[in-house]
Amino acid sequence: MTTPVLVFDLDGTLLETMGDLTASMNHVLVEAGFEAIEPERVRKMVGAGVKVLMTRGLEANKIEVTDEVLEPLLAKFIRYYETHIADHTHAFPQALETIARLREAGWKTAICTNKLEKLAKPLVRAMEMEHLFTR
């Protein structure tokens, strides 16, 4: 018999990561001399990866997005986010408890995310949820 597997998205499904994503983008934008973006506007910008998020942040500042502008800011975003990955992030209510119960019932669980692997793994560790997912 095949063991059933449930695959979960990370950001916005298991974890509320908007606080850290917003803080990271705004840190980079302000440091570069641009305007910070309100959290509710940032919420509408996420979902397609960090490169798209930073592109949308620059566009919101009416900046023409070129590789020369975007790439250094993207690198700064990733560096900042790596060191502040779980400052404001938290699990959604009952998300981790539900996964634990599913595992107890025999399900295998996994994560599928568009977050860079070098960011996803440290986030899962920081949230102390590695034990909930099949390796």
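Every value quoted in this text rests on a predicted model; they were computed, and no experiment measured them.

About the cut-offs
- Residues numbered from 1 in each chain as written.
- Predicted model: local features only at pLDDT ≥ 70, side-chain atom pairs only at ≥ 80, totals over all residues.
- Heavy atoms only, no water.
- Axes fitted to C-alpha atoms, helices over the stretch in contact; angles between N-to-C directions.
- Helix = DSSP H or I, 4+ residues; strand = E, 2+ residues; numbered from the N terminus.
- Left-handed = near helix turned anticlockwise from the far one by under 90°.
- Contact = heavy atoms within 4.5 Å.
- Nonpolar A, V, L, I, M, F, W, Y, C, P; charged D, E, K, R; others polar.
- Phe/Tyr/Trp six-rings, centres within 6.5 Å; stacked < 30°, edge-to-face > 60°.
- Buried < 20%, exposed > 50% of the residue type's maximum accessible area, 1.4 Å probe, protein only.
- Core = buried A, V, L, I, M, F, W, Y, C linked by side-chain atoms within 4.5 Å.

1. Here we look at the packing of helix α3 (residues 50-60) against helix α4 (residues 67-83)
- Axis separation between α3 and α4 bottoms out at 10 Å; the angle between their running directions is 120 degrees. As for the relative orientation of α3 and α4, their crossing is right-handed in sense. Between α3 and α4, the contacting residues are V50, K51, L53, M54, T55 and L58 on the first element and V69, L70, E71, L73, L74 and F77 on the second.
- Of the residues that constitute the contact of α3 with α4, the class distribution is nine nonpolar, one polar and two charged.

2. So, the packing of aromatic side chains
- A complete count under the given rule lists one aromatic pair for this structure.
- Taken together, a centroid distance of 5.9 Å and an interplanar angle of 25 degrees make the contact between F77 and Y81 stacked. A residue pair is termed a helical-turn pair when its members lie 3 or 4 positions apart in one helix, as F77 and Y81 do in helix α4 at four residues. The residues F77 and Y81 share a single accessibility class, namely buried.

3. A word on the nonpolar core
- In this structure, L10, L14, M25, M54, F77 and M129 are the most contacted members of the largest nonpolar core, which totals 34 residues.
- Listed by contribution, the elements that provide at least two residues to this core are α1 (18-31), α3, α4, α5 (95-104) and α6 (117-126).
- Apart from the residues lying within four places of it in its own chain, the contact partners of L14 are F8, D9, H90, A91, F92, A95, I99, I111, M129 and F133.

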